[in-house]
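Remarks on the overall topology
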Amino acid sequence: DAGITQSPRYKITETGRQVTLMCHQTWSHSYMFWYRQDLGHGLRLIYYSAAADITDKGEVPDGYVVSRSKTENFPLTLESATRSQTSVYFCASRAGRRSGNTIYFGEGSWLTVV
Amino acid sequence: AQSVAQPEDQVNVAEGNPLTVKCTYSVSGNPYLFWYVQYPNRGLQFLLKYITGDNLVKGSYGFEAEFNKSQTSFHLKKPSALVSDSALYFCAVRSENQAGTALIFGKGTTLSVSS
């Protein structure tokens, strides 16, 4: 029972480089989310997806791109990384209504932009 | 607009004492309310949720939360704290009417349980 997995778990990159964080879930949940966690801000929503090929912006989408060609995958790309994007990134998926719409999180991806 | 407030950045309790972590919310319509716990360098783990029904909700690890509609609160409680309960706790909410939206999270409360 893999659940939701993120890769890489830890990444150091340079300013201006493109970085992609991968997210894979095995539950076939329709909804998937990307959050970033920063001290003093809690979790902020970057993008979310209601289904394959349907994505929408969250609270802090600037500098990020997402895609969802398959239900189980929801990669997050930083097109040109900046130091302000140093953060912990969490992918999540949401169970159906019968399960109370509970959101389940991956273990996180720690990204440092130098 | 939906919002969640966790008024305390940190809560300190002694092992064996009861603990409360506070949460208040603002949504239009009926709320779906959640508590999550995060241990160092880990993802968020689901603790409990209120969707409808009994105002007292029981969850994992002996935690419970009480939904109070008039006070728009959903405080997390445990009768007897353990040192292993020390972690970061997040309250989250969304409106029942907005199925297409994500959860809104509070800024988190660090719980420290001393032995």
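1. Looking at the overall build of chain A
For chain A, the count of helices and strands is zero helices and 11 strands. Secondary structure elements in chain A, listed N-terminal to C-terminal, are β-β-β-β-β-β-β-β-β-β-β. In summary, chain A has a C-alpha radius of gyration of 13 Å against a globular reference of 13 Å for 114 residues, a match within 12%. Dimensions of chain A, computed from the C-alpha atoms along their principal axes, are close to 45 × 30 × 25 Å. Counting all 114 residues of chain A, 48% fall into the buried class. Counting every atom, chain A has about 5,600 Å² of accessible surface; 47% of that belongs to carbon and sulfur. Once the 12 positive and 10 negative side-chain charges of chain A are each reduced to a mean point, those two points are 2 Å apart.

2. Description of the state of the cysteines
All chains considered together, the criterion is met by two disulfides over all chains. Disulfide pairing is shown between Cys-23 of chain A and Cys-91 of chain A; the S-S distance is 1.8 Å. Note on the Cys-23 of chain A and Cys-91 of chain A pair: the S-S dihedral is about -75°, so by sign convention the disulfide is left-handed. You can see Cys-23 of chain A sitting in strand β3 (residues 19–25) and its partner Cys-91 of chain A sitting in strand β9 (residues 87–94), a full 68 residues away along the chain. Bridging Cys-23 of chain B to Cys-91 of chain B, the disulfide has an S-S length of 2.0 Å. Here the S-S torsion is close to -65°, and the disulfide linking Cys-23 of chain B with Cys-91 of chain B is therefore left-handed. Of this pair, Cys-23 of chain B sits in the loop between β3 (19–21) and β4 (24–26) while Cys-91 of chain B is found in strand β10 (residues 87–95), placing the two residues 68 residues apart along the sequence.

3. Some points on the confidence of the model for chain B
Summary statistics for chain B give a mean pLDDT of 92 and a share of 97% for residues scoring 70 or more. Ranking the elements of chain B by mean pLDDT puts strand β11 (residues 104–105) of chain B last with 90 and strand β9 (residues 73–78) of chain B first with 98.

4. Quick notes on the layout of surface pockets
For the largest pocket, the calculated volume is near 370 Å³. If you trace the largest pocket, you find 18 residues lining it, with Arg-44, Leu-45 and Glu-59 of chain A together with Leu-103 and Ile-104 of chain B closest to the centre. Listed by contribution, the elements that provide at least two residues to the lining of the largest pocket are β5 (42–51) of chain A together with β1 (3–5) and β11 of chain B. At four residues, β5 of chain A tops the list of elements feeding residues into the lining of the largest pocket. Residue composition of the lining of the largest pocket, by class: nine nonpolar, five polar and four charged. By volume, the second largest pocket amounts to about 320 Å³.

5. Points about the interface of chain B and chain A
Counting from both sides, the interface comprises 22 residues of chain B and, opposite them, 22 residues of chain A. At the boundary of chain B with chain A, total buried surface from both sides reaches about 1,700 Å², with 52% on carbon and sulfur atoms. At the surface where chain B touches chain A, the tally comes to one salt bridge. In this structure, the salt-bridge partner of Glu-107 of chain A is Arg-42 of chain B, at a minimum N-O distance of 2.5 Å. At the boundary of chain B and chain A, one finds six residue pairs in polar contact (both at pLDDT 80 or more). Looking at the side of chain B that touches chain A, the elements with two or more residues in it are β5 (31–38), β6 (44–50) and β10 of chain B. Grouping the constituent residues of the side of chain B that touches chain A by class yields 12 nonpolar, six polar and four charged.

6. Looking at the nonpolar core
Most often, soluble globular proteins keep nonpolar side chains buried together rather than apart. In terms of nonpolar packing, the biggest core is built from 27 residues, with Trp-35, Leu-47, Leu-48, Phe-74, Leu-76 and Tyr-89 of chain B touching the most fellow members. Among the secondary structure elements, those contributing two or more residues to this core are β2 (10–14), β3, β5, β6, β8 (64–68), β9, β10 and β12 (109–114) of chain B. Of the residues forming this core, the biggest block, four residues, is contributed by β10 of chain B. Counting residues in hydrophobic clusters, the runner-up holds 20 residues, among them Phe-33, Leu-43 and Val-88 of chain A together with Leu-44 of chain B.

7. Thoughts on the sheet that holds strand β7 (residues 64–66) of chain A
All names here are of chain A. Taken in spatial order, the four strands line up as β1-β3-β8-β7 in an open sheet, and their pairing is antiparallel. Where the open sheet ends on each side, the last strands, each with one partner, are β1 (4–7) and β7. Averaged over all pairs of adjacent strands, the angle between their axes in this sheet comes to 20°, without regard to strand direction. Relative to strand β8 (residues 76–78), β3 is paired through three bridges, and the arrangement is antiparallel. Each residue of the ladder has a partner; that of Leu-21, found in β8, is Leu-76.

Analysis parameters
Numbers given for residues are sequential positions, taken from 1 along each chain in its written order. Chain letters and ligand numbers both follow the written order, the letters beginning at A and the numbers at 1. Per-residue local features of the predicted model are confined to residues with pLDDT of at least 70, and side-chain atom pairs are confined, for both listing and counting, to 80 or more; whole-chain, interface and lining totals are unaffected and use all residues. Hydrogens and waters are ignored; side-chain quantities use all the structure's heavy atoms. Only DSSP runs of H or I with at least four residues qualify as helices, and only runs of E with at least two residues qualify as strands; both kinds are numbered from the N terminus onward. Radius of gyration means the value over C-alpha atoms here, while the globule rule gives 2.2 Å times the residue count to the 0.38 power. Classification of residues uses two cut-offs on accessible area relative to the type maximum, computed with a 1.4 Å probe and protein chains only: under 20% is buried, over 50% is exposed, and between them is partly exposed. All accessible areas in this document rest on Shrake-Rupley with a 1.4 Å probe, and a residue is counted as covered only by the protein chains that are shown. We count Lys and Arg on the positive side and Asp and Glu on the negative side, and we leave His and both chain ends out. Where a charge sits is defined by one atom per residue type, namely NZ (Lys), CZ (Arg), CG (Asp) or CD (Glu). We call a pair of cysteine sulfur atoms a disulfide when they lie within 2.5 Å. As a per-residue measure, pLDDT reflects the predictor's confidence and takes values from 0 up to 100. A cavity, in this analysis, means grid points on a 1 Å lattice covering only the protein atoms where a 1.4 Å probe fits yet has no way out; a pocket is instead an open set bounded by protein on both sides within 12 Å along at least five of seven lines, and a residue lines either one if it has an atom within 4 Å of a point. Grid points are joined across faces, edges and corners, and a volume is the space filled by probe spheres set on the points. Amino acid classes used here: Ala, Val, Leu, Ile, Met, Phe, Trp, Tyr, Cys and Pro are nonpolar; Asp, Glu, Lys and Arg are charged; the rest, including Gly, are polar. By definition, residues are in contact when any of their heavy atoms lie within 4.5 Å. Computed with a 1.4 Å rolling probe, the buried area is the accessible surface lost when two parts are put together, summed over both parts. Whenever a carboxyl oxygen of Asp or Glu lies within 4 Å of a side-chain nitrogen of Lys or Arg, that contact is scored as a salt bridge. For this analysis, a polar contact is any N or O atom pair within 3.5 Å, provided that within protein one partner can donate a hydrogen and the other can accept it, and provided that sequence-adjacent residues contribute only side-chain to side-chain pairs. We call a set of buried Ala, Val, Leu, Ile, Met, Phe, Trp, Tyr and Cys residues a nonpolar core when their side-chain atoms join them within 4.5 Å. What makes two strands pair is DSSP finding at least two bridges between them. Comment: axis = line fitted to C-alpha atoms, over the contacting stretch for helices; angle = value between 0 and 180 degrees taken between N-to-C directions.

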